[in-house]
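Each chain is listed here by its residues.
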Amino acid sequence: SPAPPPVPRVAVVVFLLKGKAVLLGRRRSSVGDSTFALPGGHLEFGESFEECAAREVEEETGLKIDGTELLTVTNNVFLEEPKPAHYVTVFLRARPARPEQEPENREPDKCHGWGWYDWDDLPSPLFWPLEKMVRSGFDPFPPQASR
Ligand code: 8DG
Ligand code: MG
Ligand code: MG
């Protein structure tokens, strides 16, 4: 049977914050290959954003998260990629439940490895949905008073 027409999908991704650093991993994917991106993935049927965030971060890094909060949503159309895709991407922030715990690369087929990067010294190239936010001045950290 013919392939079904493509549809937009919902992705949930997490700014995992530790001090002034954020967790990034270099992608192995048909979308954004080799670029640095946040942990995250597809919203599953029946899931809340917070449940999806916790599940994806644990599947991908082994880390448990705390204090999950909704930040923003962006519309990302990838027509020039090897596999065209369209994502409505929901961004949350969270903290590692145990800050001393190191991330593990639990899906080495999808990621080259995880690392903490200072927000003032981000690696390059960033996955473009993230690059676009950074360039627009987006700041995922809570206001100083509540840190
Ligand atoms: P899953 O099977 O575990 O559900 O999916 P995944 O393999 O973990 O999916 P993903 O590619 O990591 O995330 C789904 C989509 O989310 C991705 O193809 C494009 C969109 N997306 C953004 N920004 C980011 C980001 O910073 N990180 C991640 N991981 N995905 C992002 O728009
Ligand atoms: Mg995933
Ligand atoms: Mg993922």
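All values derive from a computational prediction rather than experimental measurement. (Residues numbered from 1 in each chain as written. Chains lettered and ligands numbered in written order. Predicted model: local features only at pLDDT ≥ 70, side-chain atom pairs only at ≥ 80, totals over all residues. Heavy atoms only, no water.)

K.L.:
So what exactly am I meant to see when it comes to the coordination of the magnesium ion (ligand 3) here?
P.N.:
Angles between donor atoms at a metal ideally measure 109.5 degrees for a four-coordinate tetrahedral arrangement and either 90 or 180 degrees for a six-coordinate octahedral one. Donor atoms from the polypeptide that bind the magnesium ion (ligand 3) are Gly40 (O) and Glu60 (OE), placed at 2.1 Å. Between the magnesium ion (ligand 3) and the magnesium ion (ligand 2), a separation of 3.3 Å is found, and both are coordinated by Glu60. Taken together, the residues span a long stretch of sequence, with Gly40 in strand E4 (residues 40–42) and Glu60 in helix H1 (residues 49–61) at a distance of 20 residues. (Donors = N, O, S within 2.8 Å, 3.2 Å for Na, K, Ca; no water. Helix = DSSP H or I, 4+ residues; strand = E, 2+ residues; numbered from the N terminus.)

K.L.:
Where do I start with the pairing of strand E1 (residues 9–18) in this structure?
P.N.:
On a regular strand, each side chain points to the face opposite its neighbour's, so the side chains alternate between the two faces of the sheet. With respect to burial, E1 is a largely interior element, seven of its 10 residues being buried. Pairing of E1 with strand E6 (residues 85–96) involves eight bridges; the strand directions are parallel. Looking at the pairing, Phe15 lines up with Arg93 of E6. Summarising the sheet, E1 and E4 pair through three bridges and their orientation is antiparallel. Residue pairing across strands places Val13 opposite Gly40, the latter belonging to E4. Judged from the two bridges that link them, E1 and strand E2 (residues 21–27) form a sheet pairing that is antiparallel. Its bridge partner lying in E2, Leu17 is registered against Val22. (Buried < 20%, exposed > 50% of the residue type's maximum accessible area, 1.4 Å probe, protein only. Pairing = 2+ DSSP bridges.)

K.L.:
Teacher, can you tell me more about the nonpolar core here?
P.N.:
Nonpolar side chains tend toward joint burial in soluble globular proteins. One finds Val12, Val14, Leu16, Val57 and Ile65 to be the most contacted residues of the largest nonpolar core, which totals 14 residues. At the level of secondary structure, the elements contributing two or more residues to this core comprise E1, H1, E6 and strand E7 (111–118). For Ile65, the residues in contact, after removing those within four places along its chain, are Leu16, Ala53, Ala54, Val57, Ala94, Arg95 and Ala97. (Core = buried A, V, L, I, M, F, W, Y, C linked by side-chain atoms within 4.5 Å. Contact = heavy atoms within 4.5 Å.)

K.L.:
What is the right way to read the pattern of salt bridges from this model?
P.N.:
Once their charged atoms are close, side chains differing in charge can pair, the charge on each being opposite to the other. Tallied over the full model, the rule gives 10 salt bridges. Bridged by salt links that share partners, the residues Glu44, Glu47, Arg55, Glu56 and Glu59 form one connected network. (Salt bridge = Lys/Arg side-chain N within 4 Å of Asp/Glu carboxyl O.)

K.L.:
What is the right way to look at the layout of surface pockets in this model?
P.N.:
Where empty space is left in the structure can be found by rolling a water-sized probe over the atoms. Taken as a whole, the largest pocket holds about 1,000 Å³ of empty space. Along the walls of the largest pocket sit 42 residues, with Arg27, Ser29, Val31, His42 and Tyr87 positioned nearest its centre. Among the elements of the structure, E1, E2, E4, H1, strand E5 (65–78), E6, E7 and helix H2 (128–135) are those that each provide at least two residues to the lining of the largest pocket. Among the residues making up the lining of the largest pocket, the classes are represented as 21 nonpolar, 10 polar and 11 charged. (1 Å grid on protein atoms, 1.4 Å probe; cavity = no way out; pocket = protein on both sides within 12 Å on 5 of 7 lines; lining within 4 Å. Points joined across faces, edges and corners; volume = space filled by probe spheres on them. Nonpolar A, V, L, I, M, F, W, Y, C, P; charged D, E, K, R; others polar.)

K.L.:
Hey, could you run me through H2 in this one?
P.N.:
Since the α-helix advances by 3.6 residues per turn, residues separated by three or four positions end up pointing in the same direction. Of all the residues in H2, the buried ones are Pro129, Leu130 and Met133. The arc that holds the buried residues of H2, viewed along the axis, is 95 degrees, so those residues lie on one side. Those residues of H2 that are buried lie in contact with E1, E2, strand E3 (36–37), E5 and E6. A positive backbone phi angle near 90 degrees is found at Gly137, which sits one or two residues after H2. (Arc of directions from axis to C-beta.)

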